[in-house]
Amino acid sequence: MRIFQNSGISPSYRARLAGLVAGVRGFEPQKQVFLNDRYGASHILLPALAGSPEAFFTNGDDESLQRAWALENGLGEDASLADILLAQIEHHKTDIFYNLDPFRYDASFVRRLPGHVKRKIAWRAAPGTIDFSGYDVVVCNFPSMRKLWEEQGARTAHFFPAHDPELDTVAANRNRDIDVLFFGGYSRHHQRRRQILEAVARLSSRRNVVFHLDLSRYTPLAETPLGWFGP
């Protein structure tokens, strides 16, 4: 089974990644820099993390990474990111296409996939209107999101992110400076998460609690007087 996993990077991470790959040439070296930084590792399939020859991983919205592959494989400079991703899938002889970025690569892209792609699976855990036609199933661990996709006509299934295996050594270390660490998205869509984080924050009088929040694009507005009347 040959699995192709396409992911994406958030705007807040792009500046860091650009600094990490500055001066790094080639698709594989750039990809390894990304994988070694562990961004989104809980969503990356183990064969991709382990470098299995049956698995192919890329970030289809990372222009530097994708154009490095295009250069190495004879694609013209005018090739779009969608064309490059399609060429990668054809070159890999993919059986399973697992897409973590269906907002960018929706049904119109799925219709272009070659016949050797037997199953198309999408992950999506944020609201929006997406054309999932052509995907066999949309997976997510949030019941509310699954209900939303089903209302839009998609077939869904429960699928939960893993833990980053690099954290095993951290968990085994009992001498830690931080008792509770959270890093992740924080927006108006994360109501249950907000309640949990507020409860955890109340431990700060007797525990060292550290939050690193990837804020919604509306947060800077919400933190001004305009935010009292804004979205």
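Residues numbered from 1 in each chain as written. Predicted model: local features only at pLDDT ≥ 70, side-chain atom pairs only at ≥ 80, totals over all residues. Heavy atoms only, no water.

### Points about the sheet that holds strand β1 (residues 3–7)
Read from one edge to the other, the open sheet built from six strands follows the order β2-β1-β3-β4-β5-β6, with strand pairing classed as parallel. Taken across any chain shown, the strands that pair with only one partner, and hence form the sheet edges, are β2 (55–59) and β6 (156–158). Pairwise comparison of adjacent strand axes, ignoring direction, gives a mean angle of 20° for this sheet. Two strands pair when backbone bridges link them, and strand β5 (residues 137–140) and β6 are joined in this way by three bridges, in the parallel orientation. Within β6, the position partnered with Cys 140 by the bridge is His 158. Across the sheet, helix α7 (residues 143–151) lies against β5 and β6, angled at about 165° from β6, the strand it touches most. (Pairing = 2+ DSSP bridges. Helix = DSSP H or I, 4+ residues; strand = E, 2+ residues; numbered from the N terminus. Axes fitted to C-alpha atoms, helices over the stretch in contact; angles between N-to-C directions. Contact = heavy atoms within 4.5 Å.)

### A word on the nonpolar core
One broad trend across soluble globular proteins is that nonpolar side chains are buried collectively. Counting residues in each nonpolar core, the largest one holds 29 residues, and the members touching the most others are Ile 89, Phe 97, Phe 109, Leu 113 and Phe 132. At the level of secondary structure, the elements contributing two or more residues to this core comprise α4 (63–72), α5 (81–92), α6 (107–110), β5 and α7. Among the elements that take part in this core, α5 stands out by supplying six residues, more than any other. (Core = buried A, V, L, I, M, F, W, Y, C linked by side-chain atoms within 4.5 Å. Buried < 20%, exposed > 50% of the residue type's maximum accessible area, 1.4 Å probe, protein only.)

### A short note on the pairing of strand β7 (residues 180–186)
When β7 meets strand β8 (residues 209–215), the two strands line up parallel, connected through seven bridges. Bridging from a neighbouring strand, Phe 182 pairs with Phe 211 of β8. Traced from β7 through helix α9 (residues 191–201) to β8, the parallel crossover comes out right-handed. (Right-handed = clockwise from strand over helix to strand, strands pointing away.)

### Thoughts on the pattern of salt bridges
Overall, the coordinates contain nine salt bridges when judged by the stated rule. Put simply, Asp 101 and Arg 104 hold a salt bridge, and the shortest N to O gap is 3.5 Å. Glu 198 is the salt-bridge partner of Arg 194, the closest N and O atoms lying 3.4 Å from each other. Of this pair, Arg 194 and Glu 198 both sit in helix α9, four residues apart, roughly one helical turn. A relative accessible area of 38% places Glu 198 in the partly exposed class. (Salt bridge = Lys/Arg side-chain N within 4 Å of Asp/Glu carboxyl O.)

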